[in-house]
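Topology and contacts: notes
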Amino acid sequence: MKKILRIFMWCLIAAVFIGTFVYLFMKSRPEKEKYELVSPSTGEIERSTVLTGKIEPRDEIEIKPQVSGIISEINVEEGDMVQVGDVIAHIKVVPDEGQLSSALSRIATAKISLDDARVKHERNQLLYDKKVISREEFETTATALAQAKAELNAAEDAYSIVKEGVSKTNAKESNTLVRATITGLVLDVPVKVGSSVIQANTMNDGTTVATVADMNNLIFEGKVDETEVGLLSVGQPMSISIGALPDLKLDAVIELIAPKGTETNGANTFEIKAAIKVPSGDTLRAGYSANATVSLSKVSDVLTIPESVIEWEGDSTFVYVLTDSLPEQKFERKAIRTGTSDGINIHVTDGIEKTQLLRGGAVKKN
């Protein structure tokens, strides 16, 4: 009995040992990897690029004064609409002492000449009434009197311009009135009442009183990398999206591609300008950050596969085509030719058929 029990125990130990060995051996064997199968499809591939930039008015005009002085009145503020000729601000002229003294001297001289001409004309009036002098002599003094009056008026007008910047004879067109030169929206008024302003001259650009722009005539200004600028052309359409207005999509047309690039962070970029079609009723603001999507190439009804199934080797591309699935998957490496890519799918021009299955990613095991 004891002998039988002993034999049984040894058999049990042997069975456990063999079972453990077989289990460990089976676990240590590498499992055959199984792959997802991808089927080519027919579809559309569009390659596009996104340009970053901003929305700007085509014509942004800085309104500058025609005389130097101090702002005495401002009639507009940011966001106001103005028409051509509207008065934006009034300027109080600070007269130059030398010019003011000269103008006063001219008035005094004109008054002396007027008094002299009046006396001579009145004397000739009496002599002409008595038939002592001829009509010609009488008319000569009358002309001199009229000229003296005109000279006094001109001197007083010149004095008014020097002192106040306003002509008595044409006050509505005075240079002290700063007027809008275009119809548009006031974007900025960088001065306040009491600010000193100077007129533009050869030595100075002058003080900007207000900035006005036509917000119905907007453009997109952006930059494109040198690797893609050759794929763009004037007249090409683009779609504009604005981060601050996610629901608004705008259409635009490229109207300028800079002939010369600029270096930015070690890369050459080219400026792009595109005319924006502003829908009626939409209000846009200057300076909005925006992205422009431009289609670089597009093909339709072509054979496409995911880029993830492609193996790249230099300038060559390969895929693995399924040749057998039982008892295990077998694949054949085949060279293919590719075309347009959108970054996810790619156009296959030659090398595979639509009915073939391709090796994709490895199937995850739970």
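The preceding data block contains the structure.
As the structure is a computational prediction, the values presented were derived from the model and not from experiment.

1. Quick word on the sheet that holds strand β4 (residues 69–74)
As summarised here, the arrangement of the 4 strands in space is β7-β6-β4-β9, forming an open sheet in which the pairing is antiparallel. The strands lining the two open edges of the sheet, one partner per strand, are β7 (177–179) and β9 (196–197). Two strands pair when backbone bridges link them, and strand β6 (residues 87–92) and β7 are joined in this way by 3 bridges, in the antiparallel orientation. Among the inter-strand pairings, V87 is bridged to a residue of β7, identified as R179.

2. Some thoughts on the pattern of salt bridges
For the structure shown, the criterion picks out 9 salt bridges. In this structure, the salt-bridge partner of K298 is E44, at a minimum N-O distance of 3.8 Å. In this pair, K298 sits in strand β16 (residues 289–306) while E44 sits in strand β2 (residues 41–57), placing the two residues 254 residues apart along the sequence. Overall, E44 belongs to the partly exposed group, its relative accessible area being 45%. A salt bridge links D116 to K120, with the shortest nitrogen-to-oxygen separation between them at 3.3 Å. Taken as a pair, D116 and K120 lie in helix α2 (residues 97–129) at a separation of 4 residues, close to a single helical turn. When salt bridges with common partners are traced through the structure, they connect E311, E313 and R333 into a single cluster.

3. Focus on the sheet that holds strand β10 (residues 210–213)
Strand order in the open sheet formed by 4 strands is β3-β10-β8-β5, and the pairing between neighbours is antiparallel. Edge strands, defined here as strands with exactly one partner in the open sheet, are β3 (60–63) and β5 (81–82). In this structure, β3 lies alongside β10, joined through 4 bridges in antiparallel fashion. Looking at β10, one finds that I61 is bridged to V212.

4. Regarding the pairing of β10
Burial along β10 is two-sided: A210 and V212 and T211 and A213, pointing in opposite directions, are all buried. Two strands pair when backbone bridges link them, and strand β8 (residues 184–188) and β10 are joined in this way by 3 bridges, in the antiparallel orientation. Bridged to L185 within β10 is A213.

5. Remarks on the pairing of strand β19 (residues 330–341)
Direction of pairing for strand β18 (residues 316–324) relative to β19: antiparallel, over a ladder of 7 bridges. Residue pairing for β19: T317 is matched across the bridge by I336. Linkage of β18 to β19, two consecutive antiparallel strands, is achieved through a turn of 5 residues. The antiparallel hairpin formed by β19 and strand β20 (residues 345–350) contains 3 residues in its connecting segment, where G343 sits at a positive phi of about 95 degrees.

6. Notes on the nonpolar core
I55, F220, M238 and I240 are the most contacted members of the largest nonpolar core, which totals 27 residues. If you list the elements that add at least two residues to this core, you get β2, β11 (218–225), β12 (237–242), β13 (245–257), β15 (267–277) and β16. No other element matches β13, which puts 5 residues into this core. Apart from residues lying up to four places away in sequence, I240 is in contact with I55, F220, L248, K249, L250, A252, A290, N291 and A292. The next biggest cluster of nonpolar side chains, apart from the first, holds 18 residues, and it includes V67, V93, V189 and V209.

7. Brief notes about a negative patch on the surface
Taken together, E60, E77, E78 and D188 make up a surface patch of like negative charges. With respect to the helices, strands and loops of the structure, E77 is situated in the loop between β4 and β5.

8. Side note on the side chain of H121
Within the secondary structure, H121 sits in helix α2. By relative accessible area, which is 13% here, H121 ends up buried. A polar atom in the side chain of H121 sits 3.4 Å from the backbone nitrogen of A142. Look past the residues within four positions of H121 in its chain and what remains in contact with it is F138, T141, A142 and L145.

Parameters at a glance
Residues numbered from 1 in each chain as written. Predicted model: local features only at pLDDT ≥ 70, side-chain atom pairs only at ≥ 80, totals over all residues. Heavy atoms only, no water. Pairing = 2+ DSSP bridges. Helix = DSSP H or I, 4+ residues; strand = E, 2+ residues; numbered from the N terminus. Salt bridge = Lys/Arg side-chain N within 4 Å of Asp/Glu carboxyl O. Buried < 20%, exposed > 50% of the residue type's maximum accessible area, 1.4 Å probe, protein only. Core = buried A, V, L, I, M, F, W, Y, C linked by side-chain atoms within 4.5 Å. Contact = heavy atoms within 4.5 Å. Patch = residues over 30% accessible without salt bridge, like charges linked within 9 Å, V, L, I, M, F, W, Y side chains within 5 Å. Areas by Shrake-Rupley, 256 points an atom, 1.4 Å probe, with all protein chains shown as cover. Lys, Arg positive; Asp, Glu negative; His and termini not counted. Charge placed at Lys NZ, Arg CZ, Asp CG, Glu CD. Polar contact = N/O pair within 3.5 Å; in protein donor to acceptor, adjacent residues only side chain to side chain.

It is worth stressing that arrangement in space is one thing and function is another; only the former is reported here.
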